[in-house]
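# Breakdown of the fold
As a plain string of letters, each chain reads:
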Amino acid sequence: MNDKYVAPTLDSKAFHCPHCWVLTSQNRHQLEYGTSYYHSFDDWKVCFCYNCEWYSVWFEEKMIFPSGSNIPMPHTDMPESVKEIYNEAREIAWQSPRAAAALLRLALEKLTEELWETEWKLNTRIGNLKKKWFPEKAIQALDIVRITANEWGSHLGQIDLTGSDNAKLVNKLFFLLNFIVEHVITVNNQLNANYDDLPEDKKKWIENRDKQS
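First, a word on scope: everything that follows refers to the structure included in this document. Fair warning: this is a prediction, and the values are worked out from it, not measured in the lab.

Thresholds applied
Residues numbered from 1 in each chain as written. Predicted model: local features only at pLDDT ≥ 70, side-chain atom pairs only at ≥ 80, totals over all residues. Heavy atoms only, no water. Patch = residues over 30% accessible without salt bridge, like charges linked within 9 Å, V, L, I, M, F, W, Y side chains within 5 Å. Areas by Shrake-Rupley, 256 points an atom, 1.4 Å probe, with all protein chains shown as cover. Salt bridge = Lys/Arg side-chain N within 4 Å of Asp/Glu carboxyl O. Lys, Arg positive; Asp, Glu negative; His and termini not counted. Charge placed at Lys NZ, Arg CZ, Asp CG, Glu CD. Helix = DSSP H or I, 4+ residues; strand = E, 2+ residues; numbered from the N terminus. Buried < 20%, exposed > 50% of the residue type's maximum accessible area, 1.4 Å probe, protein only. Axes fitted to C-alpha atoms, helices over the stretch in contact; angles between N-to-C directions. Parallel < 35°, antiparallel > 145°, perpendicular 65-115°, else oblique. Contact = heavy atoms within 4.5 Å. Nonpolar A, V, L, I, M, F, W, Y, C, P; charged D, E, K, R; others polar. Phe/Tyr/Trp six-rings, centres within 6.5 Å; stacked < 30°, edge-to-face > 60°.

It is worth spelling out a negative patch on the surface at this point. On the surface, D11, D42, D43, E60 and E61 cluster together into a patch of negative charge. With respect to the element layout, D11 can be found in the segment before β1 (14–16). Classification of D11 by relative accessible area gives exposed; the value is 63%.

Next comes the structure, spelled out in structure tokens:
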């Protein structure tokens, strides 16, 4: 996963294209119409990607085409049950960041179930994962998504997510969910694959050593 993902915003000099997913400069144009002369739509703009030459359409500094495309795609190692909810949240995030946050909390619950934590509340599940020596940064990310989604998706609390920065805040939740998958699932899969590549006699020696300890 690219930890330096730059979400599309009109005030960014460059961002990840929602079509080709390359970090590149965007050529911005005011949307206009006319025959012999042009009229300008002040609130409408079009951005053209220098890499793939596809475009995105913006209204009042929000991307409306393609839908949900200013949010990173789900991590390739994200479990399907989680990915389904993640993608649903992507589709509605630009219309209702609060509803997207509620869906991301549900996605987080599904992710803990995929990690063999199925009982009690989400806060308890995360605590149990910490006891299992899950990476500290992944635990922090789990708590950030849980608390932020609770405050925003379920009820308004101490975190003000109703202002102009709400889209950026919900984008961070998507990023963090991918971060968790990367550091909990992907890294574990890579380690398992590397261990499987060891010579069979070396793995047997390790098994015998562990039996004696």
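On we go from here.
Bringing unusual backbone geometry into the picture now. One non-glycine residue with positive phi stands out, namely W116, at about 70°. Looking at where W116 falls in the secondary structure, it is placed in the loop between α2 (97–114) and α3 (122–131). Taking relative accessible area as the criterion, W116 reaches 75% and is therefore assigned exposed. Positive phi values are uncommon outside glycine, yet W133 reaches one of about 65°. Tracing the backbone through its elements, the reader meets W133 in the loop between α3 and α4 (136–154). Residue classification places W133 among the exposed positions, given a relative accessible area of 80%.

One way to put it is that helix α1 (residues 80–92) packs onto α2 with a least axis distance of 9 Å and a crossing angle of 170°. Relative to α2, α1 is oriented roughly antiparallel. Side by side, α1 and α2 meet where S81, V82, I85, Y86, E88, A89 and I92 of the first sit next to A99, A100, L103, L104, L106, A107, K110, L111 and E114 of the second. A breakdown of the residues in the contact of α1 with α2 according to their chemical character gives twelve nonpolar, one polar and three charged.

Okay, the packing of aromatic side chains next. Within the structure shown, the criterion is met by five aromatic pairs. On the basis of an interplanar angle of 55° and a centroid distance of 6.1 Å, the ring pair of F15 and W58 is categorised as tilted. Highlighted residues: F15 in strand β1 and W58 in strand β4 (residues 55–59), separated in sequence by 43 residues. Per residue, the accessibility class of F15 equals that of W58, and both read buried.

The values are spatial; any link to function lies outside them.
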